[in-house]
Amino acid sequence: MRLEKCWFCSSTVYPGHGIQFVRNDAKIFRFCRSKCHKNFKMKRNPRKVKWTKAYRRLHGKDMTQDSTFEFERKRNRPERYDRNLAENTLKAIKKIDKIRSDRASDHIKNRLKTGKVQRQKEARKQLEQGIHLVKAPLALAQDSSLCLPKIKVNVSQAQIEENQPMEE
Amino acid sequence: MVQYNFKKITVVPNGKDFIDIILSRTQRQTPTVVHKGYAISRLRQFYMRKVKYTQQNFHEKLSTISDEFPCLDDIQSILWNLISKIAKDYVKLLKYGDLLCRCKSLKVAALGRMCTVIKRIGPSLAYLEQIRQHMARLPSIDPNTRTMLICGYPNVGKSSFMNKITRADVDVQPYAFTTKSLFVGHTDYKYLRYQVIDTPGILDRPFEDRNIIEMCSITALAHLRAAVLFFLDISGSCGYSISQQAALFHSIKSLFMNKPLIIVCNKTDLQPLDGISEADRKLVMEMKGEAMKTVIGVLLIMSTVTEDGVIAVKNAACERLLNQRVELKMKSKKINDCLNRFCVALPKPRDQKERPACIPQAVLETKAKQAAEKEKRKTEKDLEDENGGAGVYSASLRKNYILSNNEWKEDIMPEILDGHNVYDFIDPDILLRLEELEHEEELSPEEQEALAEIRKKKSLLIQQHRMKKSTAESWPVVPKKFDMDRKFLTERMGRQLSCLGLDPSLAINRARNKSRGRKRERSVDRRVGDDGDAMDIDDNQASKKFRLRSTSRSRSRSRPPSEVVPGEGLKDSAQKVKTIKLAKKSVLKRNKNARRGEADRVIPTLKPKHLFSGKRSIGKTQRQ
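Going by what an unreviewed UniProt entry lists, chain B is known as Nucleolar GTP-binding protein 1 and is assigned to Gossypium raimondii. Word for word, the UniProt comment on chain B under Subcellular location (unreviewed entry) is "Nucleus, Nucleolus". According to its UniProt record, chain B has this under Function (unreviewed entry): "Involved in the biogenesis of the 60S ribosomal subunit."

Going by what an unreviewed UniProt entry lists, chain A is known as TRASH domain-containing protein and is assigned to Gossypium raimondii. Annotation of chain A in UniProt includes, under Subcellular location (unreviewed entry), the sentence "Nucleus". UniProt, in the comment section headed Sequence similarities (unreviewed entry), describes chain A in these words: "Belongs to the eukaryotic ribosomal protein eL24 family."

J.: Help me get a handle on the overall build of chain A, residues and values and all.
T.: Looking only at helices and strands, one finds five helices and four strands in chain A. The order of helices and strands in chain A, counted from the N terminus, is β-β-β-β-α-α-α-α-α. Taking all 168 residues of chain A together, the buried fraction comes to 19%. Of all intrachain contacts in chain A linking residues separated by at least 6 positions in sequence, the fraction that spans at least 24 positions is 40%. Counting only carbon and sulfur atoms, one obtains 52% of the accessible surface of chain A, whose full area is about 13500 Å².

J.: Go over the UniProt feature "domain: TRASH" (unreviewed entry) in chain A, please, and point to the residues and values.
T.: Under the UniProt annotation, "domain: TRASH" (unreviewed entry) lies at residues 6–44 of chain A. Secondary structure over residues 6–44 of chain A splits into 21% helix and 26% strand, and the C-alpha atoms at its two ends are 14 Å apart.

J.: Provide a residue-level description of the interface of chain B and chain A, including the pertinent values.
T.: Each partner contributes to the interface: chain B provides 29 residues, whereas chain A provides 33 residues. Of the roughly 3300 Å² buried at the junction of chain B and chain A (both faces included), carbon and sulfur atoms supply 61%. In terms of surface lost to chain A, no three residues of chain B exceed Trp408, Asp424 and Phe425 of chain B, which account for 18% of the buried area on that side. Summed over the shared surface of chain B and chain A, the result is three salt bridges. Close ionic contact of Arg83 of chain A with Asp411 of chain B constitutes a salt bridge, the shortest N to O distance being 2.7 Å. Counting across the interface, chain B meets chain A through twelve residue pairs in polar contact (both at pLDDT 80 or more). Mapped by element, the contributors of at least two residues to the side of chain B that touches chain A are strand E7 (416–417), strand E8 (420–421), helix H14 (422–425) and helix H15 (430–440) of chain B. Ranked by residues supplied to the side of chain B that touches chain A, first place goes to H15 of chain B with seven residues.

J.: Quick rundown of the packing of aromatic side chains? Include the residues and the values.
T.: Working definition: an aromatic ring pair is given by the centre-to-centre distance plus the angle between the planes. This structure, assessed with the given rule, holds 14 aromatic pairs over all chains. Measuring from centroid to centroid gives 4.6 Å for Tyr153 of chain B and Tyr240 of chain B, while their planes differ by 45°, and the two rings are tilted. A residue pair is termed long-range when its members are at least 10 positions apart, and Tyr153 of chain B in the loop between strand E1 (147–152) and helix H6 (158–165) and Tyr240 of chain B in the loop between strand E4 (227–233) and helix H8 (242–252) qualify at 87 residues. A relative accessible area of 4% places Tyr153 of chain B in the buried class. Connected via pairs of aromatic rings, a cluster forms that spans Trp7, Phe21, Phe29, Phe31 and Phe40 of chain A. If you follow Lys27 of chain A out to its NZ or CZ, it ends over the ring of Phe29 of chain A, 5.2 Å from the centre. A cation sits over an aromatic face here: Arg146 of chain B above Tyr194 of chain B, 5.7 Å from the ring centre.

Thresholds applied
Residues numbered from 1 in each chain as written. Chains lettered and ligands numbered in written order. Predicted model: local features only at pLDDT ≥ 70, side-chain atom pairs only at ≥ 80, totals over all residues. Heavy atoms only, no water. UniProt positions renumbered as here; feature names shortened; annotations may be inferred. Helix = DSSP H or I, 4+ residues; strand = E, 2+ residues; numbered from the N terminus. Buried < 20%, exposed > 50% of the residue type's maximum accessible area, 1.4 Å probe, protein only. Contact = heavy atoms within 4.5 Å. Areas by Shrake-Rupley, 256 points an atom, 1.4 Å probe, with all protein chains shown as cover. Buried area = accessible area lost by both parts, 1.4 Å probe. Salt bridge = Lys/Arg side-chain N within 4 Å of Asp/Glu carboxyl O. Polar contact = N/O pair within 3.5 Å; in protein donor to acceptor, adjacent residues only side chain to side chain. Phe/Tyr/Trp six-rings, centres within 6.5 Å; stacked < 30°, edge-to-face > 60°. Lys NZ or Arg CZ within 6 Å of the ring centre and 35° of its normal.

Shown next as structure tokens:
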């Protein structure tokens, strides 16, 4: 029993799910669900379809090269069973998984950091440049903090009496 | 004696067909065209040929029939005579025929008479055909080969026995006279083929009253030279008692002359031989006695249902028959022809010493052990049967696994964990690699501390270097030997080494040992701090001596240039001399060019006037 990878989206195919297609040249294509299968039949290239892992890796959205990927490799030679080894392997899998996911999220964070920084810079610049839209330079000169001035309206008594029915 | 194969007899045609065949053949095989203008001799020859040809054909066909049928000689000759007489007569007449039409009518008459003869024997031919058909259906019994004959009352088990020992598939039914004719089967014994003939049952009746079916068996018994197996039904389930069967035996025992006889007691599963009544037992013993009196006779018991003793009976019968036949052959005259062809060669014994086969003791032992083991060893199948059979017990396939620790044999290892295949991760040094991986991750606090220290120190060095670099050209350099910064003190060295974690005492001692003598000013400077009266003479002298002794422990002396100082990294003085020479050589050229060092590439004047002015003797001024 093995968990396979979907050919189209690279997600894991659990036993009992999906479809396997064997071509005449004996190449096997496994799909996790009919969505991927139908896309394949439409001859779409997964590298161009935004939501697949192939696209994300190709366009640098996800981590491509890392030493944690070296741990998971399909081995063709069977190893003799060793309980200690099995124990260690199971424990190691969890740790490796954690490290890998941390690194992946770091990678994404780093990738998004430049955007964030840029947005911050832009924001600051806009703040600096556009402050005159909300606060007059004179007011700025008097009060250099960025508190926005409150709207002060002098209303006469007569107008108040007139407006009372409206306020109801 | 000619071997007759009844199945291969040609079909005997009936009268009309016979005539048709002969006449059409004549018409086809002889020339057909004749004209009345031909020479008379030719005409005569033509018609004579036809007559003769017809006669010959008749003769041929009749002789084939008579040859193939076992005993038909005289009939055939009579016919032949008739036909040949007719042919002869008409040939004679034809010799004197003068016209075509006359010859033709003669020929017609001849053929007509021959055909009449055949027409008259038409019914006989039909009868012959019937016989032929019947004979073809008979089983082919070779009367000369080894034969076993099975006889007895109806329903005793003769056909069942037949079915058991041969591949014949005889009908076995509960009613009497199931077998209505002879059946032949074949069986093997000692690489020889035996014919086994199954007969219909015989009833105990006087000879004249027997019906055709019974006569079959009687005739077979009478004429075939075979071993006889007389079947006896002990249990009486055939419907006839033992006394009746015994009576039959006695009445036909005359037919068993000179034949190996075996009395077979069948159906012992229903009634064992010991369980029969006293009277019956007497009868059986009587029969046995009779059997013993003949050539070679014996009584055997068997049961076709349980297959108990069937093989024994067959073997006994075959053995006896074989022996009898061999004996007879030996006694006959023909053996002498064959005898000189046989020769069993035995090596001539050299002496009386016995030389048995030599098998080493070890081999015998292992053979015995193997045999014992084979019986004692418990197979997986036995285990399965013990534990409830095929559906209940499932064999433990892990029993014979070879593992480092036998406790792990029944371990179940998970194949999938958290969306990964565990088998893909298995690696003997996974722990090592995991450690390395964790190293790649964040540093521990001590590591961070150390890193901070390193960075601090590094930055200090860089700062110093930068300061030196920037002031390199303008800073006045005091030669190192004056040590204005007080950098080259052993205490300083000691402090630095202990900061790094080393024990400085050895190094300090060595430095002090190997150091040269110091100048007086230096030593004076040192002592300034202690007391103010450095100029006291007595003190000075004593202190000088003390100082000299204490501070420099070795005499100052200049070193020759080829002396190897340990710590320089040179092997011996020769190497040192060579290095000095190389160093000087590399420097010579530069010095001659008044260069300050390696990196000095300054060109004082880029365009010296004396090179860029004046006329050329050859070449252009553009290029100089």
